[in-house]
Structures are given as C-alpha cells and as structure tokens.
Amino acid sequence: MKAIGIVLAGGNNNKMRELSNKRAIAAMPVAGSYRAIDFVLSNMSNSHIQKVAVITQYNAKSLNEHLNSSKWWDFGRKQGGLFVFTPTITARNSYWYRGTADAMYQNISFLKKSHEPYVVIASGDCIYKLDYHKVLDYHINKRADITVVCTSLPKDDDAGRFGVVKTGEDGRIVQFEEKPIITDANTVSAGIYIIRRRQLIELLEKAAEEVRFDFVKDILIRYKDIKKIYAYSMDTYWNNISTVEAYYRTNMDFLDKDIRNYFFRQYPDIYSKVEDLPPAKYNQGSNTKNSLISNGCIINGQVENSILFKKVYVGNNCTIKNSIILNDVYIGNNTYIENCIIESRGTIRANSNYIGEDGETRIVVEKNNRFVL
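Residues numbered from 1 in each chain as written. Predicted model: local features only at pLDDT ≥ 70, side-chain atom pairs only at ≥ 80, totals over all residues. Heavy atoms only, no water.

## Regarding the overall build of the protein chain
The helix and strand tally for the protein chain stands at 9 helices and 28 strands. A globule of 373 residues ought to have a C-alpha radius of gyration of about 21 Å, and the protein chain, at 22 Å, matches this closely. Seen through its C-alpha atoms, the protein chain measures out along the principal axes to roughly 65 × 45 × 40 Å. Of all 373 residues assigned to the protein chain, the portion counted as buried reaches 54%. (Helix = DSSP H or I, 4+ residues; strand = E, 2+ residues; numbered from the N terminus. Rg over C-alpha atoms; globule rule 2.2 N^0.38 Å. Buried < 20%, exposed > 50% of the residue type's maximum accessible area, 1.4 Å probe, protein only.)

Okay, here's the thing in structure tokens:
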C-alpha cells in the first residue's frame, strides 16, 4: 500500500481510573490474550502498510515492552519496519508531547524521510477491523484533502466522548464538534484519518508556528471550511475503550460467539505477541460457563460470564461472575467476585467478597503478597 502508518498511543485518560496507573490505554488487555494496540497494528499489516510509527508517552513501559519486536505483526522488512517514538528532550526542545499534532510534529523527520504519498493516522485504543485500502480508494475518488473514518453509535451510547460529525449529501463534513456537552447526533469520528504526506507536513509545521498542538481541534476543525474533509462510513464493529465502562463492555462483547468469530476466525487475522504458556487447566470440581479462559490459567472453582487473562489461578470453592480478571492474579479459596475488574499481578485473599453494585463495575487493586521460594 502506498501509505505509511502513524499510531497515536501516548494519551492518558482519568476515566480509566486505577486501570491507567500501570499502563497506557493502548496497552490494556483485551479479549483474553490481546492488547488494544494489536488491533490497529494488525489492520496496518493486513492493509500491507509496512512502515508504521507508534507514538507513545504516558506510562509507556509495558506498551514499549509489548512492541519490542515487529515480527508479531510482520513489519520486519528492509524497506519498512515498526518504529516506536517517545518524547525526547533536546537542546532545541524541552517539551513532552503537548497534543496529537505536536507529537507528530516532534517526529516530523519520520514523515520527511518517507517516500509514500499518503499517511494513515489511527488511535491505539480502538477495537475494530478495517481495510485501509478501501478508505484510501474513497479518499482518492473524492479528491479529498483529509478523510475521517466515522461510525454510528447506538442511541444509548455517549457520543459526547468523541468528535461528533455531520455531513452533506456528498459525504463532505460540514460540522465537526469535539466532545460536545450536549448533542443529538450519533455519528462520530473513529479516530482514523487519511491525508497526503506532504500536506500533513505542511499543516503540522503551520500549527507549530501558531503554537497549536491538537490534530482535531487545530487542524481538522480549524480547516473544515477550507480543506475538503470527507467522512468514510464504517458499519462494522468498532469500540473505544477509553473509559472503565467502555472497556468492560468491549471485553464482554467477546463472549458473543459471532463477535469472536468475526475477529478471530474470519480473514484477516488479528496478531499479537505470543507467550509460551501451557493451555488452561480445569481441575476436578471446576465449572466454567460462557467465559474466555486464557493460557496459563488454573481453574478450581466456578467461572461464569467472565474473561480470565493469562496466568490466573482460581482457588477451591471460588465463584467468579460477570467479571474481568487481568494477567497473573492469584485468587484464594472461597472467594466471591461479581461485576468486577481485578487488576493484574495481585493476590485476592481467601474468603474475600468483591461485588460491583448499582450497575457500576468495581475495580479491585490488590498487591502481590505471595511468597516466592
């Protein structure tokens, strides 16, 4: 594909509460064995984009470790590769990234040294499948300056978390409002953009001159009536995990067989870093219903409508319902967990009870106080 990719994975969001204390949102575990960023990287690879930059900043340690090899997403080419850019203090610049436009501007050499005519810009915290080829064909046919991939939200979802878009009959964006307090629209930006590389360089340099830092507010919205900005409609599964509620709901969606088949059994595939772990073990007396159990887990109790990530131990007489248990958690005997997210690498003491009430997902953060012999 005649495009390079940029994945914006450096932001922080206090709506994730304690879950973002350990990791960037793009590094959040999803669907048992994946990370959120795996989906956009797989889309890039499946669209034959071989040169991809991931821009990280906040709490990026686990994300950088996950990205330590490009082979998992097949970016290991002589003419391409996976590049991870973190903020760098230099004699000319002492700032961290001050926004999405500034993050790209501080790494503008990546754009200038590339030769591909187009750039695909995407967020690292969205779960979806998309062939960027189709978006690029639409972009070229419309002779657009910028194309924004958009999706329609269910009526009960909060569109105010996103950029709300209204279009004309020809698909050109006529109104773009970023995170409005009140809106009656349900068409939102999916955080995916296509733009000509030279034009992106020009717009980033102009924004930097004017001390503007945000790609949406200071480029998309500011140039809406000057540049030809079109919306490409995506009608397949898409979700953003930037709040606790959205993260919980997205993971629970993978308990639906049709959604699992769409992502993991229908071409193209979703790729991730692979760990050599044994298959899950179900001991006598265990009982599992409608759940995802990852490799390395040992189950002795009852698990229902839940997702257990890698290396979770469930003790005797435990009950886990409607919950998400992140990696490497030890759950002691006679424990009851319902409507909770259990943070990774923790120890849940025996005879404990954790219940999320009044429709709110409870986040449980416990220290790992196991003895290592």
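## A few points about the pairing of strand 12 (residues 229-233)
Of all the 5 residues making up strand 12, 4 are buried; the element is thus mostly covered by neighbouring parts of the structure. Judged from the 5 bridges that link them, strand 8 (residues 146-152) and strand 12 form a sheet pairing that is parallel. For C150, the partnering residue across the bridge sits in strand 12 and is S233. (Pairing = 2+ DSSP bridges.)

## Observations concerning the sheet that holds strand 26 (residues 347-348)
Strand order in the open sheet formed by 5 strands is 14-17-20-23-26, with parallel pairing between adjacent strands. Unpaired on one side and paired on the other, strand 14 (281-282) and strand 26 mark the two borders of the sheet. The pairing of strand 23 (residues 330-331) with strand 26 spans 2 bridges and is classified as parallel. Bridge pairing in strand 26 links Y330 to T347.

## Notes on the sheet that holds strand 16 (residues 292-293)
Here we have 5 strands laid out as an open sheet, ordered 16-19-22-25-28, and parallel in their pairing. Two strands lie at the open edges of the sheet, namely strand 16 and strand 28 (362-364), each paired on one side alone. Here strand 25 (residues 340-342) pairs with strand 28 via 3 bridges, running parallel. In the strand pairing of strand 28, I342 is matched with V364.

## Focus: the nonpolar core
If you look at the biggest cluster of nonpolar residues, it comprises 43 residues, and the most contacted ones within it are V7, I37, L41, M44, Y128, L130 and Y132. Secondary-structure elements contributing two or more residues to this core are strand 1 (3-8), helix 1 (36-46), strand 4 (51-55), strand 6 (118-123), strand 7 (126-128), helix 5 (132-141), strand 11 (187-196) and strand 12. I37 has contacts with V7, A9, A26, V54, L63, H66, L67 and G124, leaving out every residue within four places of it along the chain. Counting residues in hydrophobic clusters, the runner-up holds 33 residues, among them A53, Y97, V216 and L220. (Core = buried A, V, L, I, M, F, W, Y, C linked by side-chain atoms within 4.5 Å. Contact = heavy atoms within 4.5 Å.)

## Thoughts on the packing of aromatic side chains
Tallying each qualifying case throughout the model produces 16 aromatic pairs. Taking 4.8 Å as the distance between ring centres and 5° as the angle between the ring planes, the aromatic pair formed by Y34 and F264 counts as stacked. Linking Y34 in strand 3 (residues 34-35) with F264 in helix 9 (residues 257-264), this pair joins segments that are 230 residues apart in sequence. An aromatic cluster of three or more residues is present, and its members are Y34, F39, Y237, F254, Y262, F263 and F264. Residue placement shows R98 over the ring face of Y95; its charged tip is 3.8 Å from the ring centre. Over the face of the ring belonging to Y262 we find K129, whose NZ or CZ atom lies 5.2 Å from the ring centre. (Phe/Tyr/Trp six-rings, centres within 6.5 Å; stacked < 30°, edge-to-face > 60°. Lys NZ or Arg CZ within 6 Å of the ring centre and 35° of its normal.)

## With respect to helix 9
Within the sequence span of helix 9, burial applies to I259, Y262 and F263. Down the axis, helix 9 shows its buried residues gathered within 90° of arc, on one side only. At its buried positions, helix 9 is contacted by helix 1, strand 7 and helix 8 (244-253). The N-capping residue of helix 9, defined by a side-chain oxygen 2.8 Å from the backbone nitrogen of D258, is D256. (Arc of directions from axis to C-beta. Polar contact = N/O pair within 3.5 Å; in protein donor to acceptor, adjacent residues only side chain to side chain.)

## Here we look at the pattern of salt bridges
Applying the stated criterion to the full structure yields 13 salt bridges. The partner of R17 in a salt bridge is E18, and the shortest N-O contact between them spans 3.9 Å. We classify R17 as partly exposed; its relative accessible area is 30%. A relative accessible area of 32% places E18 in the partly exposed class. Of the charged contacts in the structure, one is a salt bridge between R212 and E210, with a shortest N-O distance of 3.1 Å. Relative accessible area serves as the criterion here: at 29%, E210 is assigned to the partly exposed category. A network of salt bridges, in which partner residues are shared, links K206, E210, R212, D218 and R222. (Salt bridge = Lys/Arg side-chain N within 4 Å of Asp/Glu carboxyl O.)

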